[in-house]
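Residues per chain, in single letters:
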Amino acid sequence: MTQANLATTICRKGGYTKGIRPPEAITGKEKRLNAASYGDKGSLKDAEYDHLLSLQLGCDPNDARNLWVEPADPGHKLGSGVNNLKDPVETKLHTAVCSGKVTLKAAQNAIVTDRTTALSKLGLAA
């Protein structure tokens, strides 16, 4: 993924992530194995098998170094919408990249450095 091919990849009309996202039949098994590798034996019902660098920002959907079992944020009620506050940050960064407000590299660096400050670091916090 590069700045030069955004229009045909992550910013293309009709969406990008649903066409590259692995099926749940694969990610469900990977999620359980990943959690077990950390000794996590708890329920994974509300945990998300997530990409540190999101698909919306051009990551490889199958890179094991970029995947982890992300628990729901504290206070999240099972089945009640967004599991974590990282998801809206990813979406805002994707929108900013596709509208030309920030570069792909800047968005990627900001979210992997600290998702809680990524928007403010790039001048996107509202």
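Not measured: the values here are computed from a predicted model.

1. Re the pattern of salt bridges
Right, so step 1: Taken as a whole and assessed by the stated rule, the structure comprises four salt bridges.
Right, so step 2: We note a salt bridge from Asp 50 to Lys 86, for which the minimum N-O separation is 3.1 Å. Taken together, the residues span a long stretch of sequence, with Asp 50 in strand 1 (residues 48–51) and Lys 86 in helix 3 (residues 86–98) at a distance of 36 residues. Lys 86 matches Asp 50 in its accessibility class, with the two residues each being buried.
Right, so step 3: Notably, a salt bridge pairs Lys 86 with Glu 90, separated by 2.3 Å at the nearest N-O pair. A residue pair is termed a helical-turn pair when its members lie 3 or 4 positions apart in one helix, as Lys 86 and Glu 90 do in helix 3 at four residues. Across the pair, Glu 90 and Lys 86 agree in class, each one buried.
Right, so step 4: Salt bridges sharing common partners tie together Asp 50, Lys 86 and Glu 90.

2. Some thoughts on the nonpolar core
Right, so step 1: Within the largest apolar cluster, 18 residues are counted, with the highest numbers of intra-cluster contacts made by Leu 57, Leu 93 and Val 97.
Right, so step 2: Secondary-structure elements contributing two or more residues to this core are helix 3, helix 4 (104–113) and helix 5 (118–121).
Right, so step 3: Counting residues in each nonpolar core, the second largest holds six residues, with Leu 44, Ala 47, Tyr 49 and Val 69 among its members.

Rules used in this analysis
- Residues numbered from 1 in each chain as written.
- Predicted model: local features only at pLDDT ≥ 70, side-chain atom pairs only at ≥ 80, totals over all residues.
- Heavy atoms only, no water.
- Salt bridge = Lys/Arg side-chain N within 4 Å of Asp/Glu carboxyl O.
- Helix = DSSP H or I, 4+ residues; strand = E, 2+ residues; numbered from the N terminus.
- Buried < 20%, exposed > 50% of the residue type's maximum accessible area, 1.4 Å probe, protein only.
- Core = buried A, V, L, I, M, F, W, Y, C linked by side-chain atoms within 4.5 Å.

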